[in-house]
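Residue-level structural notes
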Amino acid sequence: MPKKVMCVDDSNTIRMLVEKTLVPAGFEVVGAENGQAALDSLSPDIDLFLVDVNMPVMGGFEFIENLKQKAEYKTKPVIFLTTESSAEKKEKGKALGINGWVVKPFEPESFLKVINMLAG
Ligand SMILES: [Mg+2]
């Protein structure tokens, strides 16, 4: 079974780029354009979440707060994929229990390394 990654990002370009990087490496990728859309399409076979911080309707922080309240998703790895890299935002992410932080634009090789490590 391929590992399934959910990419939550309001940018089509980023979701396509993530798919182009992960699918050839053997991952299945599903996308959602904001936190609310992601909550509406959750499925327990998702192995890892890649989450943007700034999105309309529901942003990344609020999405993760909601996700962590669900027993079946509480322990799933979450990586922020964002242009934000301020210490304050990182602290807030840590407090929410996120597992990693990748700054856009990402470099495919190191990106894959992080995904492999956490989805494994
Ligand atoms: Mg965004």
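Within each chain, residue numbers correspond to sequence positions counted from 1 in written order. pLDDT decides what is reported in this predicted model: residues at 70 or higher carry local features, side-chain atom pairs at 80 or more are listed and counted, and totals for whole chains, interfaces and linings draw on all residues regardless.

**Some words on the pairing of strand 3 (residues 48–51)**
Keep this limit in mind: Working definition of burial: number of other C-beta atoms within 10 Å of the residue's own, with buried at 20 or more, exposed at 12 or fewer, and partly exposed in between, all C-beta atoms being placed from the backbone. By the criteria applied, helices consist of DSSP H or I runs no shorter than four residues and strands consist of E runs no shorter than two, each listed in order from the N terminus. Pairing between strands is defined by DSSP: at least two bridges between them are needed.
Here strand 3 shows two buried faces, one formed by Leu48 and Leu50 and the other by Phe49 and Val51. Taken together, the four bridges between strand 1 (residues 4–8) and strand 3 define a ladder with parallel strand orientation. Directly across from Val8, in strand 3, lies its bridge partner Val51. Pairing analysis gives three bridges linking strand 3 to strand 4 (residues 78–82), with the strands arranged parallel.

**Some thoughts on unusual backbone geometry**
The omega torsion of the bond from Lys104 to Pro105 falls at -5°, within 30 degrees of zero and hence cis. With respect to the helices and strands, the residue Pro105 is situated in the loop between strand 5 (100–103) and helix 5 (108–119). At Val57, a position not held by glycine, the phi torsion is positive, near 70°. Note on placement: Val57 falls in the loop between strand 3 and helix 3 (60–67).

**What to know about the nonpolar core**
Threshold: The nonpolar core criterion groups buried Ala, Val, Leu, Ile, Met, Phe, Trp, Tyr and Cys residues into a set whenever they are joined through C-beta atoms within 7 Å. Remark: residues whose backbone-derived C-beta atoms lie within 7 Å of one another are considered to be in contact.
One finds Val5, Met6, Val8, Phe49, Leu50, Val51 and Ile79 to be the most contacted residues of the largest nonpolar core, which totals 25 residues. The set of elements that each furnish at least two residues to this core consists of strand 1, helix 1 (12–22), strand 3, helix 3, strand 4 and helix 5. Excluding residues within four positions of it along the chain, Val5 makes contact with Leu22, Phe27, Val29, Asp47, Leu48, Leu50, Ile115 and Ala119.

**Brief notes about the pairing of strand 5**
This is how the line gets drawn: Here, the term right-handed applies to a crossover whose path from the first strand over the helix to the second runs clockwise when the strands point away from the viewer.
Across four bridges, the pairing between strand 4 and strand 5 is parallel. Note that in strand 5 the partner of Thr82 across the bridge is Val103. Read as a crossover between parallel neighbours, the route from strand 4 over helix 4 (residues 87–95) to strand 5 is right-handed.

**A word on the sheet that holds strand 3**
The condition that has to hold: Think of each axis as a best-fit line through the C-alpha atoms, taken over the contacting stretch in the case of a helix, with angles from 0 to 180 degrees between the N-to-C directions.
If you trace the five strands from one edge of the open sheet to the other, you get 2-1-3-4-5, paired in parallel fashion. The open sheet has two free edges, formed respectively by strand 2 (28–32) and strand 5, since each of these has just one partner strand. Here the strands of the sheet are splayed against their neighbours by 20° on average, with no regard to which way each runs.

**Things to note about helix 3**
We apply this condition: Read the arc as the range of directions from the helix axis to the C-beta atoms.
Taken together, the buried positions of helix 3 are Gly60, Phe63, Ile64 and Leu67. All buried residues of helix 3 fall inside an arc of 95° around its axis, so they share one side. On the buried face of helix 3, the contacting elements are strand 1, helix 2 (35–40), strand 3 and strand 4.

**Some points on the environment of Val103**
Summarising the element assignment, Val103 is placed in strand 5. When the C-alpha atoms of Val103 and Thr82 are compared, they prove to be 5.1 Å apart, with 21 residues separating the residues in sequence. Residues in contact with Val103, not counting those within four places in the same chain, are Thr82, Thr83 and Ser85.

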